[in-house]
Each structure stands twice: as structure tokens, then as C-alpha cells.
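Spelled out, the chains give:
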Amino acid sequence: MTDVYDADKRSAVMRQVKGSGTGPERTLRRLLTRLGARYRLNRKDLPGSPDIVLPGRRLAIFAHGCFWHGHDCARGARVPKTNRDYWLAKVGRNRARDAAAAEALSGSGWRVEVIWECEMKDEAALADRLAALLEAAPQKT
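Residues numbered from 1 in each chain as written. Predicted model: local features only at pLDDT ≥ 70, side-chain atom pairs only at ≥ 80, totals over all residues. Heavy atoms only, no water.

A.B. asks: Give me the lowdown on the overall build of the protein, citing residues and values where you can.
C.D. replies: Within the protein one finds six helices and four strands. From first element to last, N terminus to C terminus, the protein shows the α and β order α-α-β-β-β-α-α-α-β-α. Its C-alpha atoms give the protein principal-axis dimensions of about 60 × 30 × 25 Å. Relative to its 141 residues, the protein shows a buried fraction of 33%. A fraction of 56% describes how many contacts in the protein between residues 6 or more apart in sequence connect residues 24 or more apart. For the protein, the exposed surface amounts to about 8,900 Å²; the carbon and sulfur share of it is 51%. Charged side chains of the protein number 26 positive and 17 negative; the gap between the two group centres comes to 4 Å. (Helix = DSSP H or I, 4+ residues; strand = E, 2+ residues; numbered from the N terminus. Buried < 20%, exposed > 50% of the residue type's maximum accessible area, 1.4 Å probe, protein only. Contact = heavy atoms within 4.5 Å. Areas by Shrake-Rupley, 256 points an atom, 1.4 Å probe, with all protein chains shown as cover. Lys, Arg positive; Asp, Glu negative; His and termini not counted. Charge placed at Lys NZ, Arg CZ, Asp CG, Glu CD.)

Given below as C-alpha cells:
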């Protein structure tokens with residue numbers, strides 16, 4: 001099956017795919033702000049450049065898109081019909097990179113949390129989860 005878009009249109013569509021400042025990240029930031037948490041965004045000095053970092057709590061949060069990071073939900077399990085081998089390899093590399101970053105952060109004394117895009121549909125449950133994370137990770141003195 002060929003692509004439904006021509007090359008120029010496909011290029012324009014793919015340019016719109018963002019790496020940071022995504023909708024799920026903005027949802028997380030809004031909920032964390034509502035809970036009174038102070039955070040930093042995309043710390044490049046930490047492995048994996050976590051989307052949200054709470055330095056005083058040694059907590060790193062990654063907001064993962066289900067498709068791009070291979071979640072086991074319906075959206076994450078979907079593999080495009082065209083160029084299937086490329087997409088399977090791409091998601092596999094993303095998962096390996098995510099695991100290496102989480103291991104490096106944990107080894108440095110950081111707590112690592114992954115919030116999946118599909119989990120953001122229930123904002124009340126997500127807010128409860130974030131509140132529990134903030135409570136469980138006391139401020140360092």
C-alpha cells in the first residue's frame with residue numbers, strides 16, 4: 001500500500017510531530033502546578049533528558065506517547081502497514097533507549113516514573129497518582 005499523502009505533504013505532517021511541549025506534557029505540568037509542585041523541564045544534564053524533573057524530590061517523570069514508545073495498549077500495539085520493518089525497529093530502539101535512561105537515572109539515585117499517553121484520559125486518577133508520588137518523595141534537606 002502506498003502512502004495516502006505525497007512526499008511534500010508527508011514531510012509537512014511529520015514536521016508537526018513534536019519532541020517536547022506535547023499535549024500530554026502540558027497536561028502533566030498543569031496537574032503538577034495545581035498540586036503545588038515546582039519542576040524543571042527537559043534537563044539535558046540528566047540521562048534521557050526527562051520531560052519533567054522535580055530536583056528536590058529526586059523525581060524524574062517521562063511523558064511517553066503510546067505509539068512512539070511501544071506501550072502495550074491498543075494505540076501502542078498498532079504497527080503501520082507500510083514500512084513495517086522500519087517502525088518495528090524504530091520503536092524497539094526507543095524502548096531500549098528509554099530503559100537505558102531509566103537505569104542510569106535510578107543508578108544515580110533518581111526515582112523514575114513513566115506516564116503513558118493513554119493514562120492521561122482519566123485526569124482524576126492521574127492527579128491522585130501524582131499526589132501520591134509527591135507525597136512519597138520527600139523534599140531533600
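From this point, the narrative continues.
A.B. asks: Please provide a residue-by-residue account of unusual backbone geometry, values included.
C.D. replies: Phi angles above zero are rare outside glycine, and Asn 42 is one such case at about 45°. With a phi close to 45°, Ser 49 is a non-glycine residue in the positive phi region. You can see Ser 49 is positioned in the loop between strand E1 (40-41) and strand E2 (52-54). Exposure remark for Ser 49: the relative accessible area of 18% places this residue in the buried category.

A.B. asks: Would you mind going over the layout of surface pockets in detail, with residue names and values included?
C.D. replies: Which parts of space are left empty comes out when a probe the size of a water molecule is rolled across the atoms. In this structure, the largest pocket spans a volume of roughly 780 Å³. Lining of the largest pocket is provided by 35 residues; of these, Ala 63, His 64, Gly 65, Trp 68 and His 69 occupy positions nearest its centre. At the level of elements, helix H2 (23-34), strand E3 (59-64), helix H3 (66-69), helix H5 (84-107) and strand E4 (111-116) are the ones that each hand at least two residues to the lining of the largest pocket. Ranked by residues supplied to the lining of the largest pocket, first place goes to H5 with eight residues. (1 Å grid on protein atoms, 1.4 Å probe; cavity = no way out; pocket = protein on both sides within 12 Å on 5 of 7 lines; lining within 4 Å. Points joined across faces, edges and corners; volume = space filled by probe spheres on them.)

A.B. asks: So, helix H6 (residues 123-136): which residues are in play, and what are the values?
C.D. replies: Across its 14 residues, H6 extends 20 Å between first and last C-alpha, which sits within 8% of the 20 Å expected from 1.5 Å per residue. Every buried residue belonging to H6 is among Leu 126, Leu 130, Leu 133 and Leu 134, and all of these are buried. With its buried residues spanning 95° around the axis, H6 presents them on a single face. Turned more than 90 degrees from where H6 packs its buried face, Ala 124, Asp 128 and Glu 135 sit exposed. Looking at the buried residues of H6, the elements they touch are H2, E2, E3 and E4. (Expected span 1.5 Å × (residues − 1). Arc of directions from axis to C-beta.)

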